[in-house]
Amino acid sequence: MNIDFERLFHALPSPYMLLDRELRFVDMNATYLAVTGRSREDLIGRHVFEAFPEEGEALALFRSAFERAAAGEANTVVRRLFRIPDGRGGLRDVWWTCHHIPVFDGEGRPCGLLQKAEDVTGLVAAERLQGVVAREFDHRIKNMLATIMAIARRTARNAASLESFLDGFDERLMALGRTHQLLVRNGWDGMNLGELLKGELSLYDARDHRVSLSGPEVRIHGTGAQALGLAIHELATNAAKYGALARPDTRLAVSWTLDAGAGDLEIVWRETGLRDLAPPTARGFGSTIIEKVMPLELAARVERRFLPDGLDCVIRIPADRLAPPPLD
C-alpha cells in the first residue's frame, strides 16, 4: 500500500506544526493555519518565537519543551491558555495540551520536532464548573442547616408543649421544602412569586374564603427566596388561625407590582372583613422572619398595619434582589 503521508498530515483534524532543530517552521497542516489565522508563506522559515512571541514563564516553558523534543526527548505541556482568532476579527481563549514529538532523520539523529495541539477547553470548563457546583452545593447545604436550626430554636422558644413544637416545626419545614422544590425546579436561578403564593395558599380551602392573587411575572433570586417563602408561610398561618382564612365573610387579596422607574417590587398582603383583629402582644417566629430576616436576606422594607377592618402587610424588595426572566 502506497500511503501519501504528506496529504494525510495536511488533512489531520488537530493542529500540527513541524520545526527544525533551530525551532524554525518547516511545515504545518491546514488545521494549524485555520486556528492560528496565519498563512503558510508567513510562517515557513520563521523562528517560532518570532512568529508567535512569548515572554516570561510561557517563553521559558515552551523553549525548554521545544529544545528537549528537538534533542530527542518527547514531552507534553499540559493545559496552557492561548488566544487565537475567532474567525470574526476578534480573539477567543482556548486551552491546549501540546504534545512534542522528536523527528529523526534517515540515520536516526534528531532533526526537529512535531507539535500536536489538543484542544482541552471543554474539559477545563467542565472541571471548573464541577468545582463551582461543589462549592455552591456546600454553601447551600450549610445555609439550609442553619435555617433549620434557627427554625427549631425559635419554634421551641414559643412552644407550650412538645406536641405544639412538633406541629409548628413540621409546618415550617414543609414550607421550606416547598420553596426548595420550586428553586430546584427552576435550576436555582430564581423562583416565580406567583407560584410561591399559590403553593402556600393552596393548603387552605379557597372555596370558603375569598382569596385573590394578582400581579405580573416576577422572579426572586434563589438566595432570598427561602426567606420570602417562610414569610409568606407565616402570614398564611396567622391568617388561618386568626385572620381572613379563619373566618367567614372575609377576604384575602395578595397583589404585587413593579415600580415603573426603579423596578422595585411591592407585595401587598391585605386581609379585610375583620372586626376584632388586634396586634400580637408577643413577638413570635413569624414576626422575626417578617421583620428581621426579610430585611437581611432581601434588603426588604416591611410594614404591617393593623386596621379597623383587617390587616395590611406591605413588603418592598429592591430591583437588584429580583432574578431576570428565564431564557426561552
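What comes next is a walk through the structure. (Residues numbered from 1 in each chain as written. Predicted model: local features only at pLDDT ≥ 70, side-chain atom pairs only at ≥ 80, totals over all residues. Heavy atoms only, no water.)

Description of the pattern of salt bridges
(1) Moving on: Taken as a whole, this structure holds 14 salt bridges when the rule is applied.
(2) Moving on: Close ionic contact of arginine 80 with glutamate 57 constitutes a salt bridge, the shortest N to O distance being 3.7 Å. With arginine 80 in strand S3 (residues 75–85) and glutamate 57 in helix H5 (residues 56–70), the pair connects residues that are 23 residues apart, well separated along the chain.
(3) Moving on: Judged by its relative accessible area of 22%, arginine 80 falls in the partly exposed class.
(4) Moving on: In this structure, arginine 316 engages glutamate 266 in a salt bridge whose closest nitrogen and oxygen atoms are separated by 2.9 Å. (Salt bridge = Lys/Arg side-chain N within 4 Å of Asp/Glu carboxyl O. Helix = DSSP H or I, 4+ residues; strand = E, 2+ residues; numbered from the N terminus. Buried < 20%, exposed > 50% of the residue type's maximum accessible area, 1.4 Å probe, protein only.)

A word on helix H8 (residues 193–201)
(1) Moving on: Of all the positions in H8, only Leu193, Gly194, Leu196, Leu197, Glu200 and Leu201 are classed as buried. The buried residues of H8 occupy an angular sector of 160° when projected down its axis, which confines them to one face.
(2) Moving on: The N-capping residue of H8, defined by a side-chain oxygen 2.9 Å from the backbone nitrogen of glycine 194, is asparagine 192. (Arc of directions from axis to C-beta. Polar contact = N/O pair within 3.5 Å; in protein donor to acceptor, adjacent residues only side chain to side chain.)

Some points on H5
(1) Moving on: With 15 residues, H5 extends 21 Å from end C-alpha to end C-alpha; this agrees with the ideal 21 Å at 1.5 Å per step.
(2) Moving on: Among the residues making up H5, those that are buried are Ala58, Phe62, Ala65, Phe66, Ala69 and Ala70. Viewed end-on, H5 has its buried residues packed into an arc of 130°, placing them on one side of the element. Opposite the buried face of H5, by more than 90 degrees, sit the exposed residues Gly56 and Glu57.
(3) Moving on: Against the buried residues of H5 lie strand S1 (16–20), helix H4 (48–51), S3, strand S4 (91–104) and strand S5 (110–119).
(4) Moving on: With its phi angle positive at about 115°, glycine 72 sits one or two positions after the end of H5. (Expected span 1.5 Å × (residues − 1). Contact = heavy atoms within 4.5 Å.)

Brief notes about the sheet that holds strand S6 (residues 191–192)
(1) Moving on: Pairing in this open sheet of three strands is antiparallel, and the strands run S6-S8-S13 from one edge to the other. Across the chains shown, the open sheet's two edge strands, defined by having one partner strand only, are S6 and strand S13 (322–323).
(2) Moving on: Relative to strand S8 (residues 219–220), S6 is paired through two bridges, and the arrangement is antiparallel. Residue pairing in the sheet places asparagine 192 in a bridge with arginine 219 of S8. (Pairing = 2+ DSSP bridges.)

With respect to the nonpolar core
(1) Moving on: Among the nonpolar cores identified, the biggest contains 33 residues, and Leu228, Leu265, Ile267, Trp269 and Ile317 are the most heavily contacted of them.
(2) Moving on: Elements with a minimum of two residues in this core: H8, helix H9 (222–242), strand S9 (251–258), strand S10 (265–272), helix H10 (285–298) and strand S12 (310–317).
(3) Moving on: With 25 residues, the next largest nonpolar core counts Met17, Leu43, Phe62 and Phe82 among its residues. (Core = buried A, V, L, I, M, F, W, Y, C linked by side-chain atoms within 4.5 Å.)

Section: the environment of phenylalanine 62
(1) Moving on: Along the polypeptide, phenylalanine 62 turns up in helix H5.
(2) Moving on: Residues phenylalanine 62 and threonine 76, 14 residues apart in the sequence, show an inter-C-alpha distance of 9.8 Å.
(3) Moving on: Beyond its immediate sequence surroundings of up to four residues, phenylalanine 62 is in contact with Phe49, Val77, Arg80, Phe82, Cys98, His100 and Gln115.

Some words on the side chain of threonine 36
(1) Moving on: Mapped onto the elements, threonine 36 comes out in helix H2 (residues 30–36).
(2) Moving on: A relative accessible area of 10% places threonine 36 in the buried class.
(3) Moving on: Setting aside anything within four residues of it in sequence, one finds threonine 36 in contact with Phe52 and Pro85.

With respect to the sheet that holds S4
(1) Moving on: Strand order in the open sheet made by the five strands is S2-S1-S5-S4-S3, with antiparallel pairing throughout. If you trace the sheet from one side to the other, it starts and ends with strand S2 (25–28) and S3, each paired once. Here the average twist between neighbouring strands, direction ignored, is 30°.
(2) Moving on: Sheet analysis places S4 next to S5, joined by nine bridges and oriented antiparallel. Considered in S5, the bridge of threonine 97 is made with glutamate 118.
(3) Moving on: Sitting on the sheet, H5 touches S1, S3, S4 and S5, and the angle it makes with S3 is about 125°. (Axes fitted to C-alpha atoms, helices over the stretch in contact; angles between N-to-C directions.)

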